Amino acid sequence: MADDPRGKKSLSLTPTKTSGKTGELVAVSEILPPNLLLLPVSQATIFPGMIVPLILPEGKLSKTVEFVGQGSGYLGVVLYQDTESDDVASGPTNSITGLPADGIAVQSRSHRKVVRKEQFHRYGVAAKILKRINLPDNQISVLVTGLQRFQIGEVVSREPHFVANVKYIFEQSERDSEMEALLRTALSQFKAISKDNPLISEEMKVALVNIDGPGKLADLMASVLIRDVTDYQELLAMADVKERLQKLLLMLKREQDVQSIQRKIQDEINQKVAAGQKEYFLQEQLKLIQKELGKNIDEKGRLIQKFLDRLKDKKLSPEAQERVDEEVQKVNVLHEQSSEYSVSVNYLDWITSLPWGVRSEEVGDLKRAGDLLNSDHYGLKDVKERILEFLAVRQLRGNSEGSILCFVGPPGTGKTSLGRSIAKALGRKFFRFSVGGMRDEAEIKGHRRTYVGAMPGKMLQGLKRTGTQNPVFLIDEIDKLAHARLTGSDPAAALLELLDPEQNTEFLDHYVDVPFNCSEVFFITTANSLDSIPSALLDRMEIIHLSGYTDNEKINIANRHLIPKQLKKHALTTKNLKVNAVALKYIVHNYAREAGVRSLEKNVARLCRKTAWRVAMKKADRVAIDSPKVVERFLGVPPFVHEDAFSEGLVGVVTGLAWTHYGGSVLHIESISVPGKGGYVLTGQLGEVMQESASIAYTYVRDRVKGDVVKDYFQKNQLHLHVPAGATPKDGPSAGITMAASLYSLVTGKQAQTKTAMTGELTLTGRVLPVGGIKEKLLAAKRAGMRTVLIPKDNARDLKEVEAEILEGLTIKKVESMDQCIRFLFDSPLAGAGKAHSAQRRQ
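Described below are features of the structure shown in this document. (Residues numbered from 1 in each chain as written. Predicted model: local features only at pLDDT ≥ 70, side-chain atom pairs only at ≥ 80, totals over all residues. Heavy atoms only, no water.)

**Looking at the nonpolar core**
Here is step 1 of the chain: Formed by 55 residues in total, the largest nonpolar core has its most connected members in Ile46, Phe47, Phe190, Tyr232, Leu245, Leu248 and Leu252.
Here is step 2 of the chain: Considering each element in turn, this core owes the most residues, 7 residues, to helix α4 (residues 214-225).
Here is step 3 of the chain: In this structure, Val435, Ile475, Ala492 and Val521 belong to the second largest nonpolar core, which totals 50 residues. (Core = buried A, V, L, I, M, F, W, Y, C linked by side-chain atoms within 4.5 Å. Buried < 20%, exposed > 50% of the residue type's maximum accessible area, 1.4 Å probe, protein only. Helix = DSSP H or I, 4+ residues; strand = E, 2+ residues; numbered from the N terminus.)

**Re the side chain of His377**
Here is step 1 of the chain: Inspection of the secondary structure assignment puts His377 in the loop between α10 (366-376) and α11 (381-397).
Here is step 2 of the chain: A polar side-chain atom of His377 sits 2.8 Å from a polar atom in the side chain of Ser417.
Here is step 3 of the chain: In this structure, His377 is in contact with Lys384, Gly414, Ser417, Leu418, Ser421 and His561, ignoring residues within four places of it in sequence. (Polar contact = N/O pair within 3.5 Å; in protein donor to acceptor, adjacent residues only side chain to side chain. Contact = heavy atoms within 4.5 Å.)

**Observations regarding the packing of aromatic side chains**
Here is step 1 of the chain: Using the criterion set out here, one finds 12 aromatic pairs in the structure.
Here is step 2 of the chain: Look at Tyr347 and Tyr511: their rings are 5.9 Å apart centre to centre, the planes differ by 45°, and that puts the pair in the tilted class. Taken together, the residues span a long stretch of sequence, with Tyr347 in helix α9 (residues 339-353) and Tyr511 in the loop between β13 (507-508) and β14 (515-516) at a distance of 164 residues.
Here is step 3 of the chain: Residue Tyr347 is classed as buried on the basis of its relative accessible area of 0%.
Here is step 4 of the chain: Between Tyr698 and Phe714 the ring centres are 6.0 Å apart and the planes differ by 90°, which places this aromatic pair in the edge-to-face class. Of this pair, Tyr698 sits in helix α21 (residues 688-704) while Phe714 sits in helix α22 (residues 713-716); the two residues are 16 residues apart in sequence, bridging distant segments of the chain. Both residues of the pair, Tyr698 and Phe714, belong to the buried class.
Here is step 5 of the chain: Ring-pair connections join several aromatic residues into one group, and the members of that group are Phe431, Phe433, Phe473 and Phe523. (Phe/Tyr/Trp six-rings, centres within 6.5 Å; stacked < 30°, edge-to-face > 60°.)

**Digging into the packing of helix α7 (residues 299-310) against α9**
Here is step 1 of the chain: One can describe the packing of α7 onto α9 by two numbers: an axis separation of 8 Å at closest approach and a directional angle of 25°. It follows that α7 is roughly parallel to α9 by the angle criterion. For the crossing formed where α7 meets α9, the hand is left-handed. Across the interface between the two elements, Lys300, Leu303, Phe307 and Arg310 from α7 touch Tyr341, Val345, Leu348, Asp349, Thr352 and Ser353 from α9.
Here is step 2 of the chain: Classifying every residue of the contact of α7 with α9 by side-chain character gives 5 nonpolar, 2 polar and 3 charged. (Axes fitted to C-alpha atoms, helices over the stretch in contact; angles between N-to-C directions. Parallel < 35°, antiparallel > 145°, perpendicular 65-115°, else oblique. Left-handed = near helix turned anticlockwise from the far one by under 90°. Nonpolar A, V, L, I, M, F, W, Y, C, P; charged D, E, K, R; others polar.)

**Examining the pairing of strand β15 (residues 522-527)**
Here is step 1 of the chain: Within β15, 6 of the 6 residues are buried, leaving the element largely enclosed by the surrounding structure.
Here is step 2 of the chain: Residues of β15 alternate between two faces, with Phe522, Ile524 and Thr526 on one and Phe523, Thr525 and Ala527 on the opposite face, all of them buried.
Here is step 3 of the chain: Direction of pairing for strand β12 (residues 472-476) relative to β15: parallel, over a ladder of 4 bridges. When the sheet's bridge partners are listed, Ile475 is paired in β15 with Thr525. (Pairing = 2+ DSSP bridges.)

**Side note on the sheet that holds β15**
Here is step 1 of the chain: If you trace the 5 strands from one edge of the open sheet to the other, you get β11-β12-β15-β10-β16, paired in parallel fashion. A strand with exactly one partner marks an edge of an open sheet, and here the two such strands are β11 (430-434) and β16 (542-545). Between one strand axis and the next, the sheet turns through 20° on average, direction left out of account.
Here is step 2 of the chain: Where β11 and β12 come together, 5 bridges link them in parallel fashion. Its bridge partner lying in β12, Phe430 is registered against Val472.
Here is step 3 of the chain: Where helix α14 (residues 458-466) meets the sheet, it contacts β11, β12 and β15, and its direction lies at approximately 150° from that of β11.
Here is step 4 of the chain: Across the sheet, helix α15 (residues 491-499) lies against β10 (404-408), β12 and β15, angled at about 145° from β15, the strand it touches most.

Set out below in structure tokens:
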């Protein structure tokens, strides 16, 4: 790039001729003025030697053209960044879009300021106006020819015209072998891409042959390939023709890649179109052939025939057959693009898929059923007997009407797997769905066809999936049905119709809208508690309670079922992992205390994962879990602390037994007294029923010991009764005698018998009433190390259902009054005096 030696600050627009030797021609660059009027354009690709038309709007730019036309006729064409400005000329359509450029200084007569960066690009082309034409819409068409590259030094004026001091860029060209090679390569590649580029016209191909000079050839080819302002500015800035040709080769390579991808896309489109046309022609030919053969069956006819074929071996009710015929006629009449057509087709798909009259052949072998139950489940002797009795009655009756069982028990006790075993024993298909959290009765009875995306409810969905009219249906989590108060929808009410033997013979789904006989379905429901099940629904089911497993049962279940299952799941064998009885017992006691075996299975799975990692890493081929220490190394710190009975008695502290949906547990109820105005305080998140039991216990003890304590004791002391743990909500009447015993111990200063737990409801007169969950409570007492358990006398009948394994090591005391409890707890030789600090509290 060569700089013009003339001054940069002059505002003269008159060309200055540089005289040369006599007889020499004067170069164009030598007659161009040092300051050029700028003509900003938004879309124009102009190089020296090119003639380009420009369209100018009426206004400042048109005045600039008039001013230039009256003078030298020279101006500078530059790209303008602000394409939204009205003072911008438009060029040919095959041009570029602007990108950010450097800021340009602007100098005026009064002050100097910096124009925003987005105004002008730095490089442009000096041009001369050849022709000017006024257009009808007050615009001006100007034909200009490019003369010389330039670089804007600074904009020296903006009003009335844009004027800039420029530095001209003079071409540097040396024709050698390298130049010739670059030019030939560029021309050959340009001719190659010209076949697929619509911008390269025949006139341009002719011009390439007639243009002399590598620089002009490079500029002409580049004018077609430029797609962004960066390439354009770089080419304008290049004085060296070789450098310009190298840049051009890169642009040609990019264009070749784009054309290659374009051809690939076009080929794929052509193939798809050709395939579609081929399929269309073949379909039309097939229709003509079928018509000639008398088999004119179109797509709609094949669809209807498919639905009718489904019904050949089925026995539809007259009402269902009539509905099918109506829908078939409707499909024949409707157009395939009609919305009603798709609704009718979906309806026919559903109603013809239902198992009308299709039944599984039932197996009536009770011995086989008993063997299956025993092989799939360990323990649960009473539950298995109840199930077999139920199946025997069904077999004698010869039908399954009214067959509704409800398994109630803690999580993980095998309720769902029992349902699968029953289905296997009967030779029936099995279907399970959960209603936990269900708020919409349409989930059971379906949506009406008027809704978009309507479909049948879970009942008919299950029948379609099983393909029989007499499957075993397991309705899980029936105690967790929700009620949508805002919409008034009640899924429990929908279940009433489904589970009622008097109604389910004609169960009406809203979608199918045709009665379907569901009386042959063997319904089984599961729940964790009966408290939240509506009484009307509960009356329709036979309840079978599943209590928690004993420690011995859990160990056997782990050995027989859980460990083999998890070994297979983790691709291990008994050679890789061995868990002995000591370790299993430790896991059951300290990691899996719930009534079921889910936590136990999770811990077994965790052992298998850690073993699999060691085997895969080749750190060990065999892992032996044979001691509590090894268990803790694999499973971490035990989450449960052993609930040992208090070895050292405290006044006011006694042990009670509680039952939850997750099994039995031990409660250590505590009482203290502090000086105050009398009364009592209860803590421990106690429910209303338990608070009432505490009030009864307080009143009973106050009446019972009125002659045995210091005068005015209850008026001068406030009693505080607490039931740990404080974060766990508690309710129920079964802790009545326990709270009374705690208060009695406090006010009398006597220590209750250790290693003794109790449960029972207390009345104001001191009677002890029966409670529930005896088996689970005895299991919790044994786990906590208790030796004696006090239970209501009326609960003695429940001991018949408790396994001998649980009763072993426990002494059961049956009481019918609180006086008997007090005599055993405080008047027996094992009872002693309390600690001194409790006696001080009584004073």
